[in-house]
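# Coordinates in review
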Amino acid sequence: MKRKNSLQPSEHEEQVKVCHYLDLIKEPYFAIPNGGVRSIGLAVKLKKEGVKSGVPDLFLPRLKLFIEMKTKTGKLSVNQKEWFKILKDCGYSCVVAHGFEDAKGLIAYRIHEYHEGLLGVIINDIVNSDKNSPDFTGSIIYMEGIDNDDEELENDEDKGRTGYMENNYE
């Protein structure tokens, strides 16, 4: 199929760049090959194997993130909107990336959230551990710009000041 605007990169070209980027940063992912032009025979075979129209293009399991690649002017189809709702209802994040740079930014943001969540779990485990217990295996994390006293956290204002993070990543 010929592109309408040959100056604009195709969705395929942009997705290839995203996959290359994910390989470089060693972020686990896989593509879901449910689009494109196919012969009728192959389309029937894939449908029998469970390929569904509208499922997003990429899945990053560690980040629980589905990415639907679009060109700069691309829009979601009705089936894609339905799948976004299903996947979000199941607890996954779903984003539309309009090109490589957009996808790269969305991935970077999600990786940041993921690492913030891990830090929150570590800090929460440390704060809630009995430091005198033989089972305590955590180490105190000292962060630049954070008050690192071992004082009791008295209220929400103090929690923010000391760098305390609640564990919302169950």
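For the structure given in this document, a descriptive report is provided here. All values derive from a computational prediction rather than experimental measurement.

Thresholds applied
Residues numbered from 1 in each chain as written. Predicted model: local features only at pLDDT ≥ 70, side-chain atom pairs only at ≥ 80, totals over all residues. Heavy atoms only, no water. Helix = DSSP H or I, 4+ residues; strand = E, 2+ residues; numbered from the N terminus. Contact = heavy atoms within 4.5 Å. Areas by Shrake-Rupley, 256 points an atom, 1.4 Å probe, with all protein chains shown as cover. Core = buried A, V, L, I, M, F, W, Y, C linked by side-chain atoms within 4.5 Å. Buried < 20%, exposed > 50% of the residue type's maximum accessible area, 1.4 Å probe, protein only. Pairing = 2+ DSSP bridges. Right-handed = clockwise from strand over helix to strand, strands pointing away. Expected span 1.5 Å × (residues − 1). Arc of directions from axis to C-beta.

What follows covers the overall build of the chain. Of regular secondary structure, the chain possesses five helices and four strands. For the chain, the α and β elements follow one another from N to C terminus as α-β-α-β-β-α-β-α-α. Within the chain, contacts between residues separated by at least 24 positions form 60% of all contacts whose residues are at least 6 apart in sequence. Approximately 11800 Å² of the chain is accessible, and the part contributed by carbon and sulfur atoms is 54%.

Here we come to the nonpolar core. Across soluble globular proteins, nonpolar side chains show a tendency to be buried alongside one another. Among the nonpolar cores identified, the biggest contains 16 residues, and V18, L58, L60, L65, I67, M69 and I107 are the most heavily contacted of them. The set of elements that each furnish at least two residues to this core consists of α1 (11–24), β2 (58–60), β3 (65–70), β4 (93–98) and α4 (100–127). Setting aside residues no more than four positions away along its own chain, V18 makes contact with L58, M69, F100, A103 and I107.

Judged by how many residues are buried, β3 sits mostly within the fold: six of six residues are covered. Burial along β3 is two-sided: the residues L65, I67 and M69 and F66, E68 and K70 are all buried. As paired strands, β2 and β3 are joined by three bridges and run antiparallel to one another. Within β3, the position partnered with L58 by the bridge is I67. A loop of four residues connects β2 with β3, the two strands running antiparallel in sequence, and K64 in this loop sits at a positive phi of about 55 degrees. In the classification by handedness, the crossover that spans β3, the intervening helix α3 (residues 78–89) and the parallel β4 is right-handed.

All right, on to the pairing of β4 then. Bridge analysis of β3 against β4 gives six bridges, and the strand direction is parallel. Across the sheet, residue M69 finds its bridge partner in β4, namely A97.

Helical geometry note: an α-helix holds 3.6 residues per turn, so side chains three or four residues apart project in the same direction. With 14 residues, α1 extends 20 Å from end C-alpha to end C-alpha; this agrees with the ideal 20 Å at 1.5 Å per step. Turning to α1, its buried residues number three or more, namely E14, Q15, V18, C19, Y21 and L22. Across the axial projection of α1, the buried residues extend over an arc of 160 degrees, all falling on one side. Away from its buried face, by an angle of more than 90 degrees, α1 presents the exposed residues H12 and L24. Once α1 finishes, K26 follows within two positions and takes phi at roughly 60 degrees, a positive value.

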